[in-house]
Amino acid sequence: MGTFHSCWDVQPQEEFLDLLDEVISILKKHDIILNKMNEFHISQSQTVVLRHHWINLFVQSLRDRLSSMHRFLCIAEQLHVYTNSEKTRTFLGLEISVGKEQLLDVVAEVDQSLKEFNLQTFYQDPSFHVSLAWCVGDTAWKIGGCLKELQTVLDGFENAERLTRFYADEIRCKAGNKSFRVQLKQ
């Protein structure tokens with residue numbers, strides 16, 4: 001058995017990382033220490049346990065379902081605070097404002113594949129976002145108190161409009177230690 005997770009990798013520009021460093025620096029001044037994410041992505045499934053002998057069949061099901069989907073633009077301009085369901089981690093993320101409908105279409109297809117294997121589907125009312133940084137525990141209230149200041153920094157950052165635009169051109173499926181990519185049409 002292994003875990004499965006479906007997401008779309010976001011490859012930020014160097015300037016995006018500079019912006020993130022500035023945001024983390026501001027939070028540090030408020031005694032909030034966040035860890036920068038190692039990789040950036042937008043999830044289209046929860047992490048589920050997938051039997052090893054199902055992996056190839058499952059990935060083929062996803063490829064079949066996603067093969068007709070086209071590449072699309074996402075814009076993430078609004079900072080938001082998230083916690084995991086157990087409230088053991090808090091995340092600062094950029095919420096997707098443009099591209100939600102297309103992401104919902106992708107999730108609907110991924111959910112159908114999950115249902116074929118009697119696995120848990122995605123959240124009913126998802127908040128699509130790119131997680132930027134995290135910390136242990138539930139500190140949403142503390143980070144939330146700084147959101148206006150952080151949003152002002154984001155909005156005023158040079159090229160912010162360009163830095164928060166991402167093209168979804170492939171979906172990555174991670175099953176156990178294997179990674180599969182499903183290309184979206186141009």
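Cut-offs and rules
- Residues numbered from 1 in each chain as written.
- Predicted model: local features only at pLDDT ≥ 70, side-chain atom pairs only at ≥ 80, totals over all residues.
- Heavy atoms only, no water.
- Disulfide = S-S within 2.5 Å.
- Buried < 20%, exposed > 50% of the residue type's maximum accessible area, 1.4 Å probe, protein only.
- Pairing = 2+ DSSP bridges.
- Helix = DSSP H or I, 4+ residues; strand = E, 2+ residues; numbered from the N terminus.
- Contact = heavy atoms within 4.5 Å.
- Axes fitted to C-alpha atoms, helices over the stretch in contact; angles between N-to-C directions.

**Q** Go over the state of the cysteines with me, naming the residues and quoting the values.
**A** In total, this model carries 0 disulfides according to the counting rule given. C173 provides the cysteine sulfur closest to C7, a residue in no disulfide bond, and the two sulfurs are 8.1 Å apart. Exposure remark for C7: the relative accessible area of 1% places this residue in the buried category. Summary of cysteine pairing: C74 is not part of a disulfide, and the nearest cysteine sulfur, belonging to C7, is at 13 Å. Its relative accessible area of 0% is what places C74 among the buried residues.

**Q** Got a sec to walk through the sheet that holds strand 8 (residues 165-168)? Specific residues and values, please.
**A** Strand order across the open sheet formed by 5 strands is 2-7-6-5-8, with antiparallel pairing between neighbours. With one partner strand each, in any of the chains shown, strand 2 (35-36) and strand 8 form the two edges of the open sheet. The pairing of strand 6 (residues 89-98) with strand 7 (residues 129-136) spans 7 bridges and is antiparallel. Residue pairing across strands places T90 opposite C135, the latter belonging to strand 7. In the packing of helix 5 (residues 147-156) onto the sheet, the strands contacted are strand 5 (72-83) and strand 6, and the crossing angle to strand 5 comes to about 155°.

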